[in-house]
Amino acid sequence: ILNNHKTIDVSPVTLGKQDYYQGQCTFKNAQDTVGAISVSLSQDIEKREIGKIVQTVFTISGIGIVICIGLVSGIFVPKFTGPIIKLTNAALRMAQGDLGQNIDTSGTDELGTLARSFAYMRNEIQQKIEELQQLNAELDQRVEERTAEVVRQKYILDTFMKTVPDRIYFKNREGRITRANMAHA
């Protein structure tokens, strides 16, 4: 019956204050119009549906952004900030005197260079502390030896002052007698 000859027209129409889309499809055979279908759709429905679609797109996008931020801050950020935080904590503990810190110096970037510098500084400080401890021990030994020598010399002088029958006395630079034996008294 029909040879599939049809015409479709869509046009905006305003009735009162309401806007519509009106679509019309006409069916024709070889000579005459056989039938037609006319459909009207409120543009408010279209706007409402487009609004829903836009809201859904924004909601999904927002959720995607939050997930991305979560992944970045939970997975990628610690990868980059973790070594910096470890090095900072090690430096703080070294500043407090704990030089036994293990510092990862395997990095080849700027952070690795900084870590090697901290490790070198730690080693130098440890070496200086060991040298100071050794010098302190040597100084303690020399003070002990010198104190023993002074005690021995004082004993000899005291014994000499007690046993010599002649008058012996010591004066300071102002001429005052600072020490005298019993024979002088």
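## Topic: the side chain of N181
(1) Moving on: With respect to the helices, strands and loops of the structure, N181 is situated in the segment after β5 (177–180).
(2) Moving on: Setting aside anything within four residues of it in sequence, one finds N181 in contact with M161, V164, D166, R167 and I168.

## Section: the environment of I63
(1) Moving on: By the element assignment, I63 lies in helix α1 (residues 43–95).
(2) Moving on: Of the residues examined, I63 reaches a relative accessible area of 49% and is grouped as partly exposed.
(3) Moving on: The spacing of I63 and S42 is 21 residues in sequence and 32 Å in space, taken between C-alpha atoms.

## What about the packing of α1 against helix α2 (residues 110–163)?
(1) Moving on: As a packed pair, α1 and α2 sit with axes 11 Å apart at the nearest point and diverge in direction by 15°. With respect to α2, the element α1 is oriented roughly parallel. Judged by the sense of rotation from one axis to the other, the crossing of α1 with α2 is left-handed. Here P83, I84, L87, A91 and M94 of α1 come into contact with α2, specifically with L111, L114, A115, F118, M121 and R122.
(2) Moving on: Across the contact of α1 with α2, the residue classes tally to 10 nonpolar, no polar and one charged.

Definitions and limits used
- Residues numbered from 1 in each chain as written.
- Predicted model: local features only at pLDDT ≥ 70, side-chain atom pairs only at ≥ 80, totals over all residues.
- Heavy atoms only, no water.
- Helix = DSSP H or I, 4+ residues; strand = E, 2+ residues; numbered from the N terminus.
- Contact = heavy atoms within 4.5 Å.
- Buried < 20%, exposed > 50% of the residue type's maximum accessible area, 1.4 Å probe, protein only.
- Axes fitted to C-alpha atoms, helices over the stretch in contact; angles between N-to-C directions.
- Parallel < 35°, antiparallel > 145°, perpendicular 65-115°, else oblique.
- Left-handed = near helix turned anticlockwise from the far one by under 90°.
- Nonpolar A, V, L, I, M, F, W, Y, C, P; charged D, E, K, R; others polar.

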